[in-house]
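# Structural description and commentary
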Amino acid sequence: MSKTLAGGCQCGRVRYTATIENDDAYLCHCRMCQRATGGFAAAFVNLPRAAVAWRSEPDWYRSSPIAHRPFCSACGTPLGFGFLGGLNLDLTVGSFDDPSGFVPTAHSGAESMHEAWLDTSALPRQTSAETQSVVSRWQAAGLEVPE
Ligand SMILES: [Zn+2]
Ligand SMILES: [Zn+2]
């Protein structure tokens, strides 16, 4: 059952739609993905390039001799990964407008995996709306805490 989802960068300059056939996603732990996203791993959805329509074009960074990565040069959001000449493209899970439906199904780049970050489900939790340092700044700006 395919569905079309929209996404883009933080500032809104780059927008895309993607037609997905399932909810599969994966984590890449390789050092290049760690550097490219600034995270302990990159969370990606792998799609045929033909399933991705850029509504406004991203910038592309040639991250290695074999790959390039779409991003927004205005706000810096990492948007994905692709092998040069490859038929598929990865989009970053967090760049989708609603990333909540994706399910991780595999680990790539496992040689650089940070085991301590994988199962964090027992850590204490607080929402942004419960975090006074966040709430007071949004209130001072005259705004509600965004989701
Ligand atoms: Zn942007
Ligand atoms: Zn990687």
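Heads up: the structure comes first, above all this text.
All of the points below concern the structure found in this document. What you see is a predicted model, and the numbers here were worked out from it, not measured in a lab.

### Details of the coordination of the zinc ion (ligand 1)
- Every protein donor of the zinc ion (ligand 1) is listed here as Cys9 (SG), Cys11 (SG), Cys72 (SG) and Cys75 (SG), and their distances to the metal cover 2.3 Å.
- Coordination geometry of the zinc ion (ligand 1): the four donor atoms subtend angles of 106 to 113° at the metal centre, consistent with an arrangement described as tetrahedral.
- Sequence spacing of the donor residues for the zinc ion (ligand 1), all on one chain, is C-x1-C-x60-C-x2-C. Linking Cys11 in the loop between strand 1 (3–8) and strand 2 (15–20) with Cys75 in the loop between strand 7 (67–71) and strand 8 (80–83), this pair joins segments that are 64 residues apart in sequence.
- Classification of Cys11 as partly exposed rests on a relative accessible area of 45%.
- Exposure remark for Cys75: the relative accessible area of 28% places this residue in the partly exposed category.

### Some remarks on the pattern of salt bridges
- One pass over the structure, following the stated rule, counts three salt bridges.
- The salt bridge partner of Lys3 is Asp23, with a shortest N-O separation of 3.5 Å. Of the two residues, Lys3 sits in strand 1 while Asp23 sits in the loop between strand 2 and strand 3 (24–28), which places them 20 residues apart along the sequence.
- The partner of Arg15 in a salt bridge is Asp97, with the nearest N and O atoms 2.7 Å apart. Linking Arg15 in strand 2 with Asp97 in the loop between strand 9 (88–92) and strand 10 (103–108), this pair joins segments that are 82 residues apart in sequence.
- Here Arg15 falls in the partly exposed class, since its relative accessible area comes to 27%.
- Residue classification places Asp97 among the partly exposed positions, given a relative accessible area of 48%.

### With respect to the nonpolar core
- In this structure, Tyr16, Leu47, Trp54 and Leu91 are the most contacted members of the largest nonpolar core, which totals 18 residues.
- Broken down by element, the residue count for this core peaks at three residues, all from strand 2.
- Apart from residues lying up to four places away in sequence, Leu91 is in contact with Tyr16, Ala18, Ala43, Phe44, Val45, Leu47, Val52, Trp54, Leu79, Gly80 and Phe96.
- Grouped together as the second largest cluster of nonpolar side chains are eight residues, Tyr26, Cys28, Ala42 and Ala67 included.

### Thoughts on the environment of Ala51
- Residue position: Ala51 is located in the loop between strand 4 (42–48) and strand 5 (52–56).
- Taking C-alpha positions, Ala51 is 14 Å from Asp23, a pair spaced 28 residues apart along the chain.
- Once residues within four sequence positions are removed from consideration, Ala51 is found in contact with Thr17, Ala18 and Thr19.

### So, the packing of aromatic side chains
- Tallying each qualifying case throughout the model produces eight aromatic pairs.
- With a centroid separation of 5.7 Å and an interplanar angle of 85°, the aromatic rings of Tyr16 and Trp54 are classed as edge-to-face. Taken together, the residues Tyr16 in strand 2 and Trp54 in strand 5 connect sequence positions 38 residues apart. For the pair Tyr16 and Trp54, a shared accessibility class is recorded, and that class is buried.
- By the ring-pair criterion, three or more aromatic residues cluster together here, those being Tyr16, Trp54, Trp60, Phe96 and Phe102.

### What about the coordination of the zinc ion (ligand 2)?
- Looking at the metal site, the zinc ion (ligand 2) is ligated by Cys28 (SG), Cys30 (SG) and Cys33 (SG), spaced 2.2 to 2.3 Å from it.
- Site description for the zinc ion (ligand 2): donor spacing in sequence, C-x1-C-x2-C.
- A relative accessible area of 16% means that Cys30 is categorised as buried.

What counts, and at which threshold
- Residues numbered from 1 in each chain as written.
- Chains lettered and ligands numbered in written order.
- Predicted model: local features only at pLDDT ≥ 70, side-chain atom pairs only at ≥ 80, totals over all residues.
- Heavy atoms only, no water.
- Donors = N, O, S within 2.8 Å, 3.2 Å for Na, K, Ca; no water.
- Tetrahedral: all angles 85-135°; square planar, octahedral: opposite > 155°, others 65-115°.
- Helix = DSSP H or I, 4+ residues; strand = E, 2+ residues; numbered from the N terminus.
- Buried < 20%, exposed > 50% of the residue type's maximum accessible area, 1.4 Å probe, protein only.
- Salt bridge = Lys/Arg side-chain N within 4 Å of Asp/Glu carboxyl O.
- Core = buried A, V, L, I, M, F, W, Y, C linked by side-chain atoms within 4.5 Å.
- Contact = heavy atoms within 4.5 Å.
- Phe/Tyr/Trp six-rings, centres within 6.5 Å; stacked < 30°, edge-to-face > 60°.

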